[in-house]
Amino acid sequence: MILDLESPGEENLSPEQQQMVEAAAETLYGLIHARFILTNRGMKLMEEKYKIAAFGRCPRVLCSGHPALPMGQSDILREASVKIYCGQCSDIYFPRSSRHKNLDGAFWGTTFPHLFLLTYQEYVVPHTKFTYVPKIYGFRVHKSAAIFKESKDTKTDSTPAVKQ
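Notes on the structure follow. Residue indices follow the written sequence of each chain, beginning from 1 at its first position. Local features in this predicted model are restricted to residues of pLDDT 70 or higher, and side-chain atom pairs are both shown and tallied only at a pLDDT of 80 or more, whereas totals for entire chains, interfaces and linings draw on every residue. Only hydrogens and water are removed before side-chain values are computed, so all heavy atoms of the structure are retained for them.

1. Notes on the packing of helix H2 (residues 40-51) against helix H3 (residues 112-119)
Between N-to-C directions, angles cover 0 to 180 degrees, with each direction set by a line fitted to C-alpha atoms, over the stretch in contact for helices. Elements are defined by DSSP. Helices are runs of H or I of four residues or more, strands are runs of E of two residues or more, and each kind is numbered from the N terminus. Where H2 meets H3, the closest approach of the two axes is 11 Å, and the angle between their N-to-C directions is 90 degrees. Between H2 and H3, the crossing angle belongs to the class labelled roughly perpendicular. Where H2 approaches H3, its residues Met43, Met46, Glu47 and Tyr50 are matched on the opposing element by Phe112, Leu115, Phe116 and Thr119. Looking at the contact of H2 with H3, its residues break down into six nonpolar, one polar and one charged. When an angle is under 35 degrees it counts as roughly parallel; over 145 it counts as roughly antiparallel; between 65 and 115 it counts as roughly perpendicular; any other value is oblique. The contact rule is simple, with two residues in contact once any of their heavy atoms fall within 4.5 Å. Gly falls in the polar group here, along with every residue not listed as nonpolar (Ala, Val, Leu, Ile, Met, Phe, Trp, Tyr, Cys, Pro) or charged (Asp, Glu, Lys, Arg).

In structure tokens form, the structure reads like this:
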């Protein structure tokens, strides 16, 4: 019905019903995709994409364009769009590509990037040793400055708890 150009009984569906069927098929495909990429064959295909940075690169300057991996912040549908994970800084970012902004994060799941890096340990790089140090006229800004107080408050874990 979904892939056939001429499905029997398709003419009996109203446009609203046809739209519902297509949306359900897209959701089903996405959930199957989330499971497939965790298989050996799926991991191998994702490795090929990772090698060419098909998912984008880390936008953090100190990561020097390290290839990123897609991930979801939740395994539950319609909770968050797909994000990209950098294995070098271990942080997640919004993807730059507009085509990724409308994709559900559950289509990749929360497991994929971590399992990928455990499976292909040759892509694991040490975390950057260099951290940016704010300076004014060449002098380091003291830790008690207001800019550090604010950043400590905002650096809490902002990942929402997964509902079960």
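2. Brief notes about the nonpolar core
To qualify as a nonpolar core, a set must consist of buried Ala, Val, Leu, Ile, Met, Phe, Trp, Tyr and Cys residues joined through side-chain atoms within 4.5 Å. Think of it in three bands: residues with accessible area under 20% of the maximum for their type are buried, residues over 50% are exposed, and the middle band is partly exposed, with areas taken using a 1.4 Å probe on protein chains only. Core analysis: the largest hydrophobic core is formed by 16 residues, its most contacted members being Met46, Leu69, Trp108, Phe112, Phe116, Leu117 and Tyr123. Among the secondary structure elements, those contributing two or more residues to this core are H2, strand S1 (68-71) and H3. Residues contacting Met46, with those up to four places away along its chain left out, are Ile37, Phe55, Pro70, Trp108, Phe112 and Phe116.

3. Quick look at the sheet that holds strand S3 (residues 91-93)
Strand order in this open sheet of three strands is S1-S2-S3, and the pairing throughout is antiparallel. Since the sheet does not close on itself, it has two edges, and those belong to S1 and S3, each with one partner. The average undirected angle you get between the axes of adjacent strands in this sheet is 40 degrees. H3 rests against S1 and strand S2 (83-86) of the sheet, and its axis sits at about 135 degrees to S1. If DSSP finds at least two bridges between two strands, the strands pair.

4. Section: the packing of aromatic side chains
Ring geometry is summarised as follows: Phe, Tyr and Trp rings, the Trp one being its six-membered ring, pair when their centres sit within 6.5 Å, and such pairs are stacked at plane angles under 30 degrees, edge-to-face over 60 and tilted between the two. Overall, the coordinates contain six aromatic pairs when judged by the stated rule. A ring pair is formed by Tyr50 and Tyr123, whose centres lie 5.1 Å apart and whose planes are at 65 degrees; its orientation type is edge-to-face. With Tyr50 in helix H2 and Tyr123 in the loop between H3 and strand S4 (135-136), this residue pair connects regions lying 73 residues apart in the sequence. Under the relative-accessibility criterion, Tyr123 is labelled buried at 18%. When the centroid spacing of 6.3 Å and the interplanar angle of 55 degrees are considered together, the rings of Tyr120 and Tyr123 count as tilted. Here Tyr120 falls in the buried class, since its relative accessible area comes to 10%. Feature note: the residues Tyr50, Phe112, Phe116, Tyr120 and Tyr123 constitute an aromatic cluster, connected by ring pairs.

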